[in-house]
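Descriptive analysis of the structure
Residue-level listing of the chains:
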Amino acid sequence: TAIATTAIATTAIATTAMIATTAMIATTTSAHQSFSCTSQLRITSARCVAGTAAVPATCTTTRTARALELIESLRRRDDVIDGVRAVALKCSIPRELLHARGASQRLRNECHWREKTLPKFDGCEIDSRRGRRHRCRRTQNFLAMLFHQVAMNSNGLISLNRFDLFHAHAFVTVHGAFGILFHAKEYPAYDEESFPINLGFCQKNSNLLYDEAEASMRTVLWLGIDDKMSVLAYIDTAAPVNQPILTVPELHTTYEGDFGDVQGDIYYFDCLRNRKVSERLFIIPR
């Protein structure tokens, strides 16, 4: 993953809003099964100025401390979370994503044993490992639906394609709930001025133009709150309060292990239009 850093804002911006929006995406694993979610924007981004009295501590926390602080704020359903735009998703959540079974390799134990080769694109091998499907078709379908929800609620900043959003990382929180860290803006087009970084063969033919403001919003966290509601948190890593969670600040890289016990990687290739939506998703458990 590679994205250039953006400049830290020097003035405080704190805005809150209650903008009700509705969005629906139905993904099907059989003729009789689908998911329908209603999304509601309830938290807008807020930035802090390092050293101010309001947020001196949160601007200097360690990676894990800030990551866990974000988890707790989302679980409490705080009205305002610094550096985060949160979208509540109101739909039924599969129990496999809410209740831990006590195993360190939880995701591996819940995946089907049969392995499948990940597709290649114009010679690009995104991951040489083989993927699996979740044993529960409803869960497999739900995970695919989440990729669509991330794009639909991104205010037009994220698209489902192999240069932008196509992968995420799974973890289990200290509370035993399943969490997913989505990374967008994966392969911006090489440009001598705006993005002079060579990301290898898979960057070839990228049509994703680099934008610093969009780069800072490439991290999206999904967390289940209860069996009827979950939340998507669009994390602004340019906000000083969130910079402690960056593993490589100049690339806006975040690590799922700071949020919980790492479970594996999830790939979703929306371009596989000749397949059912659920069959476009591959899980590589740890």
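Here, every reference points to the structure presented above.
Let me sum up the structure you'll find in this document. All figures in this text were calculated on a predicted structure; none of them were measured in a lab. Residue numbers here run from 1 along each chain, matching the order of that chain's written sequence. This being a predicted model, a pLDDT of at least 70 is required before a residue's local features are given, and a value of 80 or more before pairs of side-chain atoms are given or counted; all residues contribute to the totals for chains, interfaces and linings. To get the side-chain values, take all heavy atoms of the structure and skip hydrogens and water.

1. What to know about the overall build of the chain
Helix numbering and strand numbering both begin at the N terminus, where a helix is a DSSP run of H or I of at least 4 residues and a strand a DSSP run of E of at least 2. For the chain, the helix and strand inventory stands at 4 helices and 14 strands. Partly exposed describes any residue whose relative accessible area lies between the buried limit of under 20% and the exposed limit of over 50%, with all areas from a 1.4 Å probe on protein chains only and scaled to the type maximum. Across the 286 residues that make up the chain, the buried fraction comes to 55%. Put simply, of all contacts in the chain between residues at least 6 apart along the chain, 68% involve residues at least 24 apart. Working definition of accessibility: Shrake-Rupley area with a 1.4 Å probe, residue cover restricted to the visible protein chains. In the form shown here, the chain has an accessible surface area of approximately 12,500 Å², with 51% of it arising from carbon and sulfur atoms. Should any heavy atoms of two residues lie within 4.5 Å, those residues are counted as being in contact.

2. A word on unusual backbone geometry
Even without a glycine there, the phi angle at Asn155 is positive, about 60°. Relative to the elements of secondary structure, Asn155 occurs in the loop between helix H3 (137–152) and strand E7 (167–172). Judged by relative accessible area, which is 58%, Asn155 ranks as exposed. Unusually for a residue other than glycine, Lys185 sits at a positive phi of about 55°.

3. Overview of the environment of Asp164
Turning to its location among the elements, Asp164 is positioned in the loop between H3 and E7. Overall, the relative accessible area of 2% leaves Asp164 in the buried class. Note: C-alpha distance between Asp164 and Glu186 (22 residues apart in sequence) is 5.2 Å. Not counting residues up to four positions away in its chain, the partners in contact with Asp164 are Leu157, Ile158, Ser159, His183, Ala184, Lys185, Glu186 and Leu208.

4. Digging into the pairing of strand E13 (residues 261–268)
E13 sits mainly inside the fold: 7 of its 8 residues count as buried. As paired strands, E7 and E13 are joined by 6 bridges and run antiparallel to one another. Residue pairing across strands places Ala168 opposite Ile266, the latter belonging to E13. Here 5 bridges tie E13 to strand E14 (residues 281–285), and the two strands are oriented antiparallel to one another. Across the sheet, Gly264 pairs through a bridge with Pro285, a residue of E14. The pairing criterion is simple: DSSP has to find at least two bridges between the two strands.

5. Things to note about the state of the cysteines
Criterion for a disulfide: a pair of cysteine sulfur atoms within 2.5 Å. For the structure shown, the criterion picks out 1 disulfide. Between Cys124 and Cys202 runs a disulfide, and the two sulfur atoms are separated by 1.8 Å. Between Cys124 and Cys202 the sulfur-sulfur dihedral comes to about 95°; the bridge is accordingly right-handed. With Cys124 in the loop between strand E5 (116–117) and strand E6 (130–131) and Cys202 in the loop between strand E8 (178–183) and helix H4 (212–215), this pair connects stretches of sequence that are 78 residues apart.

6. Focus on H3
With 16 residues, H3 ought to run about 22 Å at 1.5 Å a step, and its terminal C-alpha atoms sit 23 Å apart, in line with that. For H3, a buried count of 13 out of 16 residues is recorded, marking the element as mostly surrounded by other parts of the structure. A helix is expected to span 1.5 Å multiplied by its residue count minus one.

7. What about the packing of aromatic side chains?
Aromatic rings from Phe, Tyr and Trp, taking only the six-membered ring of Trp, are treated as a pair when their centres fall within 6.5 Å; an angle between ring planes under 30 degrees marks them as stacked, one over 60 as edge-to-face, and anything in between as tilted. For the structure shown, the criterion picks out 11 aromatic pairs. Each ring, one from Phe142 and one from Trp222, has its centre 5.8 Å from the other, and the planes form 65°; the classification is edge-to-face. Separated by 80 residues along the polypeptide, Phe142 in helix H3 and Trp222 in strand E9 (residues 219–226) bring together distant segments of the chain. What makes Trp222 buried here is its relative accessible area of 0%.

8. Focus: helix H1 (residues 63–76)
A rise of 1.5 Å per residue sets the reference length of H1, with its 14 residues, at 20 Å; its end C-alpha atoms lie 20 Å apart and thus fit the reference within 8%. What H1 keeps buried is the set Arg66, Ala67, Leu70, Ile71, Ser73 and Leu74. All buried residues of H1 lie within an arc of 165° about the axis, which places them on one face of the element. Of the residues flanking the end of H1, it is Arg77, one or two places downstream, whose phi is positive at about 60°. Directions from the helix axis toward the C-beta atoms define the arc.

9. Description of the environment of Pro188
Its location among the elements puts Pro188 in the loop between E8 and H4. Taking C-alpha positions, Pro188 is 9.7 Å from Asn205, a pair spaced 17 residues apart along the chain.

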